[in-house]
Amino acid sequence: SKIFSVGYMLILPCYFQGIVNGLKLVITAHLCCGEILALMFIVTHINEACEFLDETHRKKESNNWAEMQVRTSINWSLDSFFWTHFSGGLNHQIEHHLFPGICHCNYPYIQPIVKKTCLEYNIPYRELPSLLSAIKGMVNHLYEMGNKVNSKHD
């Protein structure tokens, strides 16, 4: 499969478009896809809605692996068929962390069960209505963190 991937992603563009243009296409495609994937990950973990655990939280006996996955992740656009498939299920980040071996197509089906279980155990289940709201939460968190660092140096 790696040989096939190199063939259709590198050799064919270079063959049909010339080496320079083919490489430009390959590099552009990888840069765009990389940025999209990075965005899908960062908005679910670096966000004002997420919990960030310090040493006190890490040492608490009540903190278990599954609880930490829920507390340190958020979901967004849960009702969107498009975003669930475009992101490969990364908009269901909580379910992705709890059940990494399950196909992302099943996340919408298990999401209500996970949410209900979180409520039963008094664990905050965080979800945002859209990718835009997740981006806003990420930018706000980064802005806040940047100002904390700058105020320490003043």
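Before any of the text, the structure's been laid out above.
What counts as what
- Residues numbered from 1 in each chain as written.
- Predicted model: local features only at pLDDT ≥ 70, side-chain atom pairs only at ≥ 80, totals over all residues.
- Heavy atoms only, no water.
- Helix = DSSP H or I, 4+ residues; strand = E, 2+ residues; numbered from the N terminus.
- Buried < 20%, exposed > 50% of the residue type's maximum accessible area, 1.4 Å probe, protein only.
- Contact = heavy atoms within 4.5 Å.
- Phe/Tyr/Trp six-rings, centres within 6.5 Å; stacked < 30°, edge-to-face > 60°.
- Salt bridge = Lys/Arg side-chain N within 4 Å of Asp/Glu carboxyl O.
- Core = buried A, V, L, I, M, F, W, Y, C linked by side-chain atoms within 4.5 Å.

K.L.:
Sorry, what's going on with the overall build of the protein here?
P.N.:
Within the protein, the secondary structure is distributed over eight helices and two strands. For the protein, the N- to C-terminal ordering of α and β elements is α-α-α-α-β-α-α-α-β-α. Among the 154 residues that make up the protein, the fraction classed as buried is 31%. Put simply, of all contacts in the protein between residues at least 6 apart along the chain, 55% involve residues at least 24 apart.

K.L.:
Help me out: how do you make sense of the environment of L98 in this one?
P.N.:
Its location among the elements puts L98 in helix 6 (residues 93-98). Between the C-alpha atom of L98 and that of E67, which follows or precedes it by 31 residues, the distance is 9.2 Å. Setting aside residues no more than four positions away along its own chain, L98 makes contact with W65, A66, Q69, V70 and V114.

K.L.:
What exactly am I supposed to notice about the packing of aromatic side chains here?
P.N.:
A ring pair, where both rings are aromatic, is described by two values, the distance of the centres and the angle of the planes. One pass over the structure, following the stated rule, counts six aromatic pairs. Each ring, one from W83 and one from F86, has its centre 5.5 Å from the other, and the planes form 85 degrees; the classification is edge-to-face. Residue W83 and its partner F86 are both found in helix 5 (residues 81-86); the two are separated by three residues, about one turn of the helix. Classification of W83 as partly exposed rests on a relative accessible area of 22%. Among the residues examined, F86 registers a relative accessible area of 42% and is labelled partly exposed. Taken together, W76, F82, W83 and F86 form an aromatic cluster joined through their ring pairs.

K.L.:
What is the right way to read the pattern of salt bridges from this model?
P.N.:
Where side chains of opposite charge bring their charged atoms close, a pairing between them can arise. Inspection of the entire model under this criterion finds five salt bridges. Between R71 and E67 there is a salt bridge, with its nearest N and O atoms 2.7 Å apart. Of this pair, R71 and E67 both sit in helix 4 (residues 65-71), four residues apart, roughly one helical turn. The residues R71 and E67 share a single accessibility class, namely buried. For K148, the salt bridge is made with E144, and the minimal N-O distance between the two is 3.5 Å. Taken as a pair, K148 and E144 lie in helix 8 (residues 131-153) at a separation of four residues, close to a single helical turn. The exposure class assigned to K148 is partly exposed, which follows from its relative accessible area of 42%.

K.L.:
What exactly am I supposed to notice about the nonpolar core here?
P.N.:
Nonpolar side chains in soluble globular proteins tend to be buried together. Listed in full, the eight residues of the largest apolar core are V70, L78, I94, L98, V114, C118, I123 and Y125. Those elements that provide at least two residues to this core are helix 6 and helix 7 (107-120). With seven residues, the next largest nonpolar core counts M40, V43, L90 and M138 among its residues.

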